[in-house]
Amino acid sequence: MSDIPNRPSGTGAHIPAGVPDRPAAARGGFRRRDFLLTSAMTGLAVSLGATPGLAATAGADAEGFGTISAFVTGQATLNPALVQRAFTQLVALDGGFADKLSALQTAIKDSGADSIDAFLATAPAQDLRDTMTTITAVWYLGYTGTPDPSQEKDDAKFVTYRDALMWGPTSDATPIPTYSQHNQNYWAKPPASIAKD
Amino acid sequence: MANQYDADVIVIGSGTVGSNAAYELAKQGKSVIILEAGVRIPRWKLIESFRNSPRRQDYNGPYPDQPWAHTSSSHEYVENVGGFPMVANFLKLVGGSTWHWGGATWRFIPDDFKMKSTYGVGRDWPISYDDLEPWYVKAEWEIGVAGNMNEDQSGARPGQTWPPRSKDFPMPAQKNSYMLDTFKNAIAPMGYDVVAEPSAMMSGSYRGRPGCVGNNNCAPVCPIGANYSGVFHADLAVEAGCKLITDATVDKIIKGADGKIEAVHYKSSDGSEATLSAKTFVLAAHGYESPKLLIMSDVGNKNDMVGRNLMPHLGLGVDFFSEDAVWPGRGPIQQGAIFTYRDGESRSRHSGMKHAVNNFVPNENITKRLLKKGVLGSQLDDRIRHDSARYMSLYTMFETLPDPANRVQPGDKTDALGNPNIRLTYNVDDYARGAIDPCIGDYQKFVQAMNGETLNMSRDLANHDHIMGTTIMGASAEDSVVDKDCRSWEHENLFIVGTGNLPSSSVVNPTLTAVALAIRAADTIAKEV
């Protein structure tokens, strides 16, 4: 997911080796399956709208989940290792998730929508919106399930921290906590965008 | 023949308080053993644990919680039997619970030391502010505190430096965030003043620590060590010659024939155990664990005062959307305070209070809120930016009064070493409840000043993780645990230090005061052993 704009530059040195939210390629552990999936999704992102039939090739498996995830979140690509992790966890959390995913795939395909906004404009049913919310939450928040720090244990499982999409919209103004991006006392001034914010 | 000892002094607990006492003793040439129930964890491992957990808002999350060294993460370990459930957050590792704190290092003010004689409530301390002032200076220079010399922190003496200071802070205050300055300017016409929070988050490099660069993760763990934690003094103590033994849970303080403490006994997770002797003992094991150990050992508790007078800081919070973008999350996670009711006549009727402004990156909470509202698609990014830029939150700490009925005791459950759990009994009184209305009144004005939209303004009290009174200091052996020097009334070579010493809670974070008392106690001990 190296094209995500919120990735702070020059922070690689601070990241301990083996932190699992780094793309496989960045760790040097490149695998054939990752390559195939990345290629497939990159292609999809370009052609999903132009060739809606492509969506039909996606099944209710990790690959299909990756395709739908990219569509729902408006991302060109998603890290295949994270796709696999998130899908496995979602299925474990909800035995009916694969069926919900299929239903969403079918609905998107049938709608002919070429973007998430176009699909939302078709007023999809609440159960489809719920599935999209589940998928969006995984990628924006970086976990499956619901963390509840007031309890000893909960059903939340980690997907990613730095690559969570919730950081992107504010990346020019605020840090991803623990990652240095700025100098001392930078906070005394507002971000450059303040007049437009 | 002279007695043989394992050390001049044994310190139980390697948190900020114990480590500062140990370091002072070592500097004065004493041989010191520090016993710590937890282990040493390098900072990078804590950061990695934080980044790899979905429970990012669990401040205990990155830290170990072991069957032989439980923290508050084990809910069965901390049991509430009173009317108010105290949510405790404490850690067990070298450096203690200041691994996850906001770095607030306030002094108490003179009236905090004489609540009974000034306001007719609570207790007076056996020492005055003036007695402690030189030790506050030492504590501030040990820890490294960044603050403004000329500020009224009482809320009642505009234009004065209050509390009075004999020496400046070792470091200047960090600059206010844009958000804090904007808020400060907005509420000034309503008569509110925002003062800088004295902070252990360094404003520049200090004693090997870097200056804060706003990673915005002071809790659960600062990634660079700009924020002070007790581990710095644990390391300094070891460098100065102290012997630090980890995975060593003291389960008995052993009395000798002459009324003095003779030794302590500890157990480790591998089943080993040992007894160590010393001339003097310093118990610095936390506001819950220290009294628990005293009661378990039947030490220093003839008057049944150990563990009683438990005082938390209670509090409320408010969050809202400001009309204009203010951009929280730039800088450390908290800055600034407002002291509408810290000192003055209202204190005879209800708790004093401190309002403080949060400054954490709000994206996760904002995103969860938007998803709950059904926002999807490209609108989601726009709303995350819009709402995150406008999110503001404040929290307020209420002081509480000492009441012997509020207490900590050993419970009936046992941990892997056979030691009892912690049982808390706490009930809220009308003194604290009386602060709710004035606090809400302030909140309404704060929201109004920012043309804000309120998200939450609850009247339900919650507690902060500050524990006072449980090893209370006093002028009389009848109603307190330690004397003015933190010495057990019953055992002349046992000193008990920590926030539990504090006979009043004030409205400010108690750590600096506990460190000042501990360094002072260490200085007393050094003259005797």
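Note that the structure is predicted; figures quoted are calculated from it, not measured.

In this section: helix H4 (residues 129-143) of chain B. All names here are of chain B. For H4, built from 15 residues, the straight-helix expectation of 21 Å at 1.5 Å per residue is met to within 8% by its first-to-last C-alpha distance of 20 Å. The axis of H4 is deflected most strongly, by about 30 degrees, at Trp135. On its buried side, H4 packs onto helix H1 (16-27) and helix H13 (511-528). Trailing H4 by a residue or two, Gly144 shows a phi angle of about 90 degrees, which is positive.

So, on to the nonpolar core. Residue and element names in this part refer to chain B. Core analysis: the largest hydrophobic core is formed by 198 residues, its most contacted members being Ile10, Ala21, Val497 and Ala518. It is H13 that provides the largest number of residues to this core, a total of ten residues. Those residues in contact with Ala21 that lie beyond four places of it in its chain are Val11, Val282, Ala284, Val497, Ala518, Ile519, Ala521 and Ala522.

So, on to the UniProt feature "domain: Glucose-methanol-choline oxidoreductase N-terminal" (unreviewed entry) in chain B. With numbering aligned to this structure, UniProt lists the feature "domain: Glucose-methanol-choline oxidoreductase N-terminal" (unreviewed entry) at residues 236-314 of chain B. The straight-line gap between the two end C-alpha atoms of residues 236-314 of chain B is 34 Å; of that span, 16% is helix and 37% is strand.

Attention now goes to the domain arrangement of chain B. Residues and elements named next belong to chain B. One can read the domain layout of chain B as domain 1 (1-68 + 91-142 + 229-311 + 404-412 + 468-529) and domain 2 (144-223 + 314-398 + 435-463). A C-alpha centroid distance of 29 Å is found between domain 1 and domain 2. Taken together, the contacts link 30 residues of domain 1 with 31 residues of domain 2. If you list the elements that add at least two residues to the side of domain 1 that touches domain 2, you get helix H2 (43-51) and H4.

Residue and element names in this part refer to chain B. One open sheet holds the three strands; their spatial order is S3-S15-S14, and the pairing between them is mixed. One side of each edge strand has no neighbouring strand; the edge strands of this open sheet are strand S3 (78-80) and strand S14 (407-414). Recorded for the sheet is a direction-independent mean angle of 35 degrees between the axes of neighbouring strands. By the bridge criterion, three bridges tie S3 to strand S15 (residues 420-425) in an arrangement that is parallel. Note on S15: the bridge partner recorded for Val78 is Ile422. On top of the sheet, helix H8 (residues 289-297) reaches S14 and S15; it is set at about 65 degrees to S14, its chief contact.

As a further point, take the interface of chain B and chain A. At the interface, 48 residues of chain B touch 46 residues of chain A. Mapped by element, the contributors of at least two residues to the side of chain B that touches chain A are H2, helix H9 (363-372) and helix H10 (378-390) of chain B. The biggest single contributor to the side of chain B that touches chain A is H10 of chain B, with seven residues. Residues that form the side of chain B that touches chain A fall into these classes: 16 nonpolar, 22 polar and ten charged.

Let us look at the packing of H9 of chain B against H10 of chain B. All names here are of chain B. Here H9 crosses H10 at 130 degrees, and the two axes come no closer than 9 Å. By the angle class used here, H9 and H10 are oblique. Every pair of crossing elements has a handedness; the one defined by H9 and H10 is right-handed. In this structure, H9 contributes Asn363, Ile366, Thr367 and Leu370 to the contact, and H10 contributes Leu380, Arg383, Ile384, Asp387 and Ser388.

Parameters at a glance
Residues numbered from 1 in each chain as written. Chains lettered and ligands numbered in written order. Predicted model: local features only at pLDDT ≥ 70, side-chain atom pairs only at ≥ 80, totals over all residues. Helix = DSSP H or I, 4+ residues; strand = E, 2+ residues; numbered from the N terminus. Expected span 1.5 Å × (residues − 1). Bend = angle between axes of the 7 residues up to and from the residue. Contact = placed C-beta atoms within 7 Å. Core = buried A, V, L, I, M, F, W, Y, C linked by C-beta atoms within 7 Å. Buried ≥ 20, exposed ≤ 12 C-beta atoms within 10 Å, placed from the backbone. UniProt positions renumbered as here; feature names shortened; annotations may be inferred. Domains from an automatic or database assignment. Pairing = 2+ DSSP bridges. Axes fitted to C-alpha atoms, helices over the stretch in contact; angles between N-to-C directions. Nonpolar A, V, L, I, M, F, W, Y, C, P; charged D, E, K, R; others polar. Parallel < 35°, antiparallel > 145°, perpendicular 65-115°, else oblique. Left-handed = near helix turned anticlockwise from the far one by under 90°.

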